[in-house]
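What follows is each chain in one-letter form.
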Amino acid sequence: SILSEKKEGAAICAGGTDILVKMKQRVVTPKYLVNLKHVGDMRGLEFDEKKGLKIGALATLEELSNSLPVKERFSALSQAAGRAASPQIRNMGTIGGNICIDSMCWHYNQSHQWRKSRPPCLKRGGDVCYVAKGSKNCCALFQADTPPALISLGAQVKVVGSGKERVIGIEELYSQKGEGANTLGPAEFVKELLIPTPPKGSGGAYLRLSQREAIDFPIVGAASQLSLADGKCKDVRIALTAVASGPVRVKEAEAVLSGNSITDSLVEKASEAAQEKIRPMPHMGVSAWYKRKLIRVLVKRSLQQAWKMAK
């Protein structure tokens, strides 16, 4: 009711690892902070072989990475949750917060005094993008770890707010716009995630590279999920993070493998297709050339691991 009444004047706090930092920097200045920590039915993990995995939005990243069913059947998600940030943040940060994190930029995520020294950028309501001079679109970067893993697993999210409830595919949650990463309304929030059980003969993996092993967001992250039937690739999903203003599914790379017998050369072609499709911006001191190289390497390695697991 507070969210419905106050609209943009209110913000949600779950683990607080993102919103509190932004409030200290005055990147966001909500008049009302709505604490969800004690909403019991938004916690916990439930796994049923037929119904799949149900994850409360308040489940912590540490819970996900240590859960035995998640490790065994949803390995890409377990790996993504376990590699995010640092142990302290994983113990507090929630899966709901991670998938709803906003896109970031060196010219936006700074102190109030720093931002006052120059005209506002597009993300702050101005008319300039300092990442891509002359661009009419904000090029802020989306860097969360779990969304590509969830996309590769075909996850759905249950969104609630203003007395209404809707279930959407995880890909529909993202706007692919730098000004605001997700499509949630002012009074809406994610209540839970629903993931179907992967069929037998499936495997998945999430790999990333960051400038530091812990704490840092990824320079590039890649998730792959595939299933084998009669020696051929029956289904495959590949998704990336930290290459655009939202997580990106690479269907061109999937098409190389789908319906074919997987070989090392075919995996190489799929990773090349991913590299060719994605045109990342230079961001956070990392060149576009280096990001494209990483896309090829991480897609290849994540596919190899998923393939090995599926066999």
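Everything below is about the structure printed above this text.
Heads up: these notes are all about the structure in this document. Given the structure is predicted, the values throughout are model-derived calculations rather than measurements.

Let's talk about the overall build of the protein
Item 1. What the protein contains, in helices and strands, is 12 helices and 13 strands.
Item 2. Taking 19 Å as the expected radius of gyration for a compact globule of 311 residues, we find that the protein reaches 19 Å, a close match to that expectation.
Item 3. Looking at the protein as a whole, 50% of its 311 residues are labelled buried.
Item 4. Here the protein has roughly 14,900 Å² of accessible surface; of this, 51% comes from carbon and sulfur atoms.

Here we look at the nonpolar core
A general trend in soluble globular proteins is that nonpolar side chains are found buried together.
Item 1. If you look at the biggest cluster of nonpolar residues, it comprises 44 residues, and the most contacted ones within it are Ile-55, Leu-77, Ile-95, Ile-99, Leu-150, Ile-170 and Ile-195.
Item 2. Mapped onto this core, the elements with two or more residues apiece are β4 (52-56), α3 (61-66), α5 (75-83), α7 (95-99), α9 (146-152), β5 (156-161) and β9 (189-195).
Item 3. If sequence neighbours within four positions are ignored, Ile-55 has contacts with Gly-44, Leu-45, Leu-64, Leu-77, Ile-95, Glu-192, Leu-193 and Ile-195.
Item 4. Of all hydrophobic cores here, the second largest spans 31 residues; its members include Leu-228, Val-236, Val-299 and Ala-310.

Some words on the side chain of Ser-152
Item 1. Summarising the element assignment, Ser-152 is placed in helix α9.
Item 2. A distance of 2.7 Å separates the side chain of Ser-152 from the backbone oxygen of Ala-149, its partner in a polar contact.
Item 3. Excluding residues within four positions of it along the chain, Ser-152 makes contact with Ala-76, Ala-223, Ser-224, Gln-225 and Arg-237.

Describing α5
Every α-helix carries 3.6 residues per turn, so stepping three or four residues along brings you back to the same face.
Item 1. Counted residue by residue, α5 has 7 buried out of 9 residues, so it is predominantly covered.
Item 2. The set of residues buried in α5 consists of Ser-75, Ala-76, Leu-77, Ser-78, Gln-79, Ala-80 and Ala-81.
Item 3. Trailing α5 by a residue or two, Ala-85 shows a phi angle of about 50°, which is positive.

Comments concerning the sheet that holds strand β11 (residues 220-229)
Item 1. Strand order in the open sheet made by the 4 strands is β10-β11-β12-β13, with antiparallel pairing throughout. Of all strands in the sheet, those bounded by a partner on one side alone are β10 (202-209) and β13 (248-249).
Item 2. Of the strand pairs in this sheet, β11 and strand β12 (residues 232-241) are connected by 9 bridges, and their pairing is antiparallel. Residue Leu-226 lies in a different strand from β12, and its bridge partner there is Val-236.
Item 3. Along the sheet, α5 makes contact with β10 and β11, crossing β10 at roughly 20°.
Item 4. The sheet contacts of helix α12 (residues 288-310) involve β10, β11 and β12, and relative to β11 the element is tilted by about 30°.

A closer look at the environment of Arg-43
Item 1. Tracing the backbone shows Arg-43 in the loop between β2 (32-35) and β3 (45-48).
Item 2. According to the relative accessible area criterion, Arg-43 is partly exposed, its value standing at 40%.
Item 3. Distance in space between the C-alpha atoms of Arg-43 and Lys-191 is 9.1 Å, their sequence separation being 148 residues.
Item 4. Setting aside chain neighbours within four positions, we find Arg-43 in contact with Lys-37, Gly-56 and Leu-58.

Let's talk about the sheet that holds β4
Item 1. Taken in spatial order, the 5 strands make up an open sheet running β3-β4-β9-β5-β6, and their pairing is antiparallel. The open sheet has two free edges, formed respectively by β3 and β6 (164-169), since each of these has just one partner strand. Pairwise comparison of adjacent strand axes, ignoring direction, gives a mean angle of 20° for this sheet.
Item 2. Direction of pairing for β5 relative to β9: antiparallel, over a ladder of 5 bridges. If you follow Lys-158 over to β9, its bridge partner there is Glu-192.

Quick notes on the pairing of β5
Item 1. The buried fraction of β5 is high, at 5 of 6 residues.
Item 2. Here β5 pairs with β6 via 6 bridges, running antiparallel. Note that in β6 the partner of Val-160 across the bridge is Glu-165.

Brief notes about the packing of aromatic side chains
Item 1. Enumeration over the complete set of coordinates arrives at 2 aromatic pairs.
Item 2. Between Phe-47 and Phe-74, the aromatic rings sit 5.8 Å apart at their centres with planes inclined by 85°, giving edge-to-face as the arrangement. Residue Phe-47 is located in strand β3, and its partner Phe-74 is located in the loop between α4 (68-73) and α5; the two are separated by 27 residues in the primary sequence.
Item 3. Centroid distance Phe-142 to Tyr-174: 5.2 Å. Interplanar angle 65°. Geometry classified as edge-to-face. With a gap of 32 residues between them, Phe-142 in the loop between α8 (112-115) and α9 and Tyr-174 in strand β7 (residues 174-177) connect regions that are remote in the sequence.
Item 4. A residue is classified by how much of its surface remains accessible, and Phe-142, at 0% relative accessible area, is buried.
Item 5. The ring of Tyr-108 has Lys-123 lying over it, and the distance from NZ or CZ to the ring centre is 5.1 Å.
Item 6. One residue, Lys-311, lies across the ring of Trp-307, its end atom 4.3 Å from the ring centre.

Cut-offs and rules
- Residues numbered from 1 in each chain as written.
- Predicted model: local features only at pLDDT ≥ 70, side-chain atom pairs only at ≥ 80, totals over all residues.
- Heavy atoms only, no water.
- Helix = DSSP H or I, 4+ residues; strand = E, 2+ residues; numbered from the N terminus.
- Rg over C-alpha atoms; globule rule 2.2 N^0.38 Å.
- Buried < 20%, exposed > 50% of the residue type's maximum accessible area, 1.4 Å probe, protein only.
- Areas by Shrake-Rupley, 256 points an atom, 1.4 Å probe, with all protein chains shown as cover.
- Core = buried A, V, L, I, M, F, W, Y, C linked by side-chain atoms within 4.5 Å.
- Contact = heavy atoms within 4.5 Å.
- Polar contact = N/O pair within 3.5 Å; in protein donor to acceptor, adjacent residues only side chain to side chain.
- Pairing = 2+ DSSP bridges.
- Axes fitted to C-alpha atoms, helices over the stretch in contact; angles between N-to-C directions.
- Phe/Tyr/Trp six-rings, centres within 6.5 Å; stacked < 30°, edge-to-face > 60°.
- Lys NZ or Arg CZ within 6 Å of the ring centre and 35° of its normal.

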